Amino acid sequence: MGGTDRAARGRDSALLLLVEDDAGDALLVEELLSDCGLEAELTWCRTVAEAQEVLADRAGSVCVLLDLHLPDAQGFDGVTRILAGAPHAAVVVLTGLAESEAGLAAVAAGAQDYLVKGRLDPELLNRAVRYALQRKQVEQAASDLQAGRLRAQENARLERGLLPVPLLHTDEVRVTARYEPGRTQSLLGGDFYDVVQTPDGTVHAVIGDVSGHGAAEAALGVCLRVAWRTAVLCGTTGPELARLLEQIAVAERSEAEVFATLTALSLPPGRRSVRVVRAGHHGMLVRSRGEVRWEEPKGGPALGLVPGASHWVESTLPLPADAAVVLFTDGLFEGRVQPDRRLGEEGLLELARRHAALPARAFVDALVDEATAAAAAYGGLADDVAVVQLGWGESAP
């Protein structure tokens, strides 16, 4: 052994790491290993610090044979330090004849088993190492399963916040929505939307996208959605609403670089026009009489991009009597459809026009499904996708 890697079975083979400062005991373990037929490369370290260096870049199957009395660690402190740096490693502690209690304490601290040095034989060593590796695999599988359950619970909580039930007092306005998490996230991202109606009959809608992915961004998306609903129901709209949401975004974001885009609509009774506030968000689609056009009213910067110095305006967009307005996040058109080309806004508009005659649910599904299919050969849609259509009147699509 000589303190260095003894074998040459390759980095994919199991590693048996002996942490023992006594050369005689180390030689004994080496001889037992050669007799027991265990297929593992053996590395010998004299201290926990040396072992931590070996384990730092080793991600495969590892079993650590750990003496409880080392120059830099005593008792189960060595177990704790090894597992802190290499939680994937199986640990079998080596004890003296009168140290069974210490061995049990080490197992309680995270080791898979303990062996008494004076009673070692090839068969016992073989079985202890193999069982320790198997137990570790079972532990990791159980841990991964529990983590998956927790992610699912977190996902469900975030989904309830990001994907609300529209709050409408009339059935004249029909809301059709779809949300698809991006393929790279195990949690929902920061896309959000909402639709509410105030007592005067005005229907308000918002769609937004927090930069980045993960739980923090999703939580910020939920925060902004709830803040938007509360502010609108309390009578705050237009540029004042954008300023309020920016203050909240800056106060609640996890990092200074995080920002959020959004489009907020106010649709008064009569539905002949819609008031629009855009903050860094792209345009929208307007459907009417079997046609689709792209509308991009004047807007302002994303929320949190230039805190306190941003200015937003509210634009009024005329609407045909049978119109439907379609809002969406950029995940819908940013997927690659060729190695060097994304679907883009023009591609999305072309796709929408091909399906302009479809009813609301079929139209929304066609947008998402065909954009997804077009990007499938190039990794799919990596970002979240949210689509919301507001339609009204009997002739609305």
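Structure first, text after, so check above.
Residues numbered from 1 in each chain as written. Predicted model: local features only at pLDDT ≥ 70, side-chain atom pairs only at ≥ 80, totals over all residues. Heavy atoms only, no water.

Engineer: Please explain unusual backbone geometry as it appears in this structure.
Structural biologist: Trans peptide bonds make up the majority, and among non-glycine residues the majority have a negative phi. One non-glycine residue, Arg271, adopts positive backbone phi at about 55 degrees. Looking at the secondary structure, you find Arg271 in the loop between β11 (260-267) and β12 (273-279). Even without being glycine, Arg289 reaches a positive phi, approximately 50 degrees. Tracing the backbone through its elements, the reader meets Arg289 in the loop between β13 (284-288) and β14 (291-295). (Helix = DSSP H or I, 4+ residues; strand = E, 2+ residues; numbered from the N terminus.)

Engineer: Whenever I open this one, the packing of aromatic side chains confuses me. Can you help?
Structural biologist: The description of an aromatic ring pair rests on the distance of the ring centres and on the angle between the ring planes. All chains considered together, the criterion is met by 2 aromatic pairs. Between Phe328 and Phe333, the ring centres sit 6.3 Å apart and the planes meet at 85 degrees, which makes this aromatic pair edge-to-face. Given a relative accessible area of 0%, Phe328 falls into the buried group. Take Phe333: its relative accessible area is 8%, and that puts it in the buried class. By the ring-pair criterion, three or more aromatic residues cluster together here, those being Trp294, Phe328 and Phe333. In this arrangement the basic side chain of Arg287 is found over the ring face of Phe363, its NZ or CZ atom lying 3.8 Å from the centre. (Phe/Tyr/Trp six-rings, centres within 6.5 Å; stacked < 30°, edge-to-face > 60°. Buried < 20%, exposed > 50% of the residue type's maximum accessible area, 1.4 Å probe, protein only. Lys NZ or Arg CZ within 6 Å of the ring centre and 35° of its normal.)

Engineer: Even after reading the chapter, I still don't get helix α6 (residues 215-233), so can you show me in this structure?
Structural biologist: Because each turn of an α-helix spans 3.6 residues, side chains separated by three or four positions end up pointing in the same direction. Across its 19 residues, α6 extends 27 Å between first and last C-alpha, which sits within 8% of the 27 Å expected from 1.5 Å per residue. Glu217, Ala218, Leu220, Gly221, Val222, Leu224, Arg225, Ala227, Trp228, Arg229, Ala231 and Val232 are the residues of α6 that are buried. Immediately beyond the C-terminal end of α6, within one or two residues, lies Gly235, with a positive phi of roughly 95 degrees. (Expected span 1.5 Å × (residues − 1).)

Engineer: How should I be thinking about the pairing of strand β2 (residues 41-45) in this particular structure?
Structural biologist: Residues in a regular strand project their side chains so that they alternate between the two faces of the sheet. Across the 5 residues that make up β2, a large majority, 5, are buried. Side chains Glu41, Thr43 and Cys45 project from β2 onto one buried face, and the interleaved Leu42 and Trp44 project onto a second face that is buried too. Pairing of strand β1 (residues 15-19) with β2, which is carried by 5 bridges, proceeds in the parallel orientation. Of the residues in β2, the one forming a bridge with Leu17 is Thr43. (Pairing = 2+ DSSP bridges.)

Engineer: Even after reading the chapter, I still don't get the sheet that holds strand β19 (residues 385-392), so can you show me in this structure?
Structural biologist: Strand pairing in a sheet is mediated by backbone hydrogen bonds. Such pairs are either parallel or antiparallel. Spatially, 5 strands are ordered β8-β19-β16-β13-β14 in an open sheet, and the strand pairing comes out antiparallel. The open sheet has two edge strands, β8 (173-180) and β14, and neither has a second partner. If you compare each strand with its neighbour and ignore which way they point, the axes differ by 20 degrees on average. Looking at chain direction, β13 and β14 are connected through 5 bridges and run antiparallel. The partner of Met284 across the bridge, within β14, is Glu295. (Axes fitted to C-alpha atoms, helices over the stretch in contact; angles between N-to-C directions.)

Engineer: Is there a simple way to think about helix α9 (residues 360-375) in this case?
Structural biologist: Taking 1.5 Å of rise per residue, 16 residues should cover 22 Å, and α9 covers 23 Å from first to last C-alpha, within 8% of that figure. Buried within α9 we find Ala360, Phe363, Val364, Ala366, Leu367, Val368, Ala371 and Ala375.

Engineer: Explain empty space enclosed by the protein here, please?
Structural biologist: To locate leftover empty space, one rolls a probe as large as a water molecule over the atoms. Evaluated as defined, the whole model comprises 2 cavities of 30 Å³ or more. Empty space within the largest cavity amounts to approximately 70 Å³. Together, 14 residues line the largest cavity, and Thr237, Gly238, Ala264, Leu265 and Ser266 are the ones closest to its centre. Looking at the lining of the largest cavity, the elements with two or more residues in it are β10 (203-210), α6, α7 (238-252), β11 and β12. Broken down by class, the residue content of the lining of the largest cavity amounts to 8 nonpolar, 4 polar and 2 charged. Approximately 30 Å³ is the volume found for the second largest cavity. In terms of lining residues, the second largest cavity is bounded by Glu20, Asp25, Leu28, Val29, Leu94, Lys117 and Leu120. Looking at the lining of the second largest cavity, its residues break down into 4 nonpolar, no polar and 3 charged. (1 Å grid on protein atoms, 1.4 Å probe; cavity = no way out; pocket = protein on both sides within 12 Å on 5 of 7 lines; lining within 4 Å. Points joined across faces, edges and corners; volume = space filled by probe spheres on them. Nonpolar A, V, L, I, M, F, W, Y, C, P; charged D, E, K, R; others polar.)

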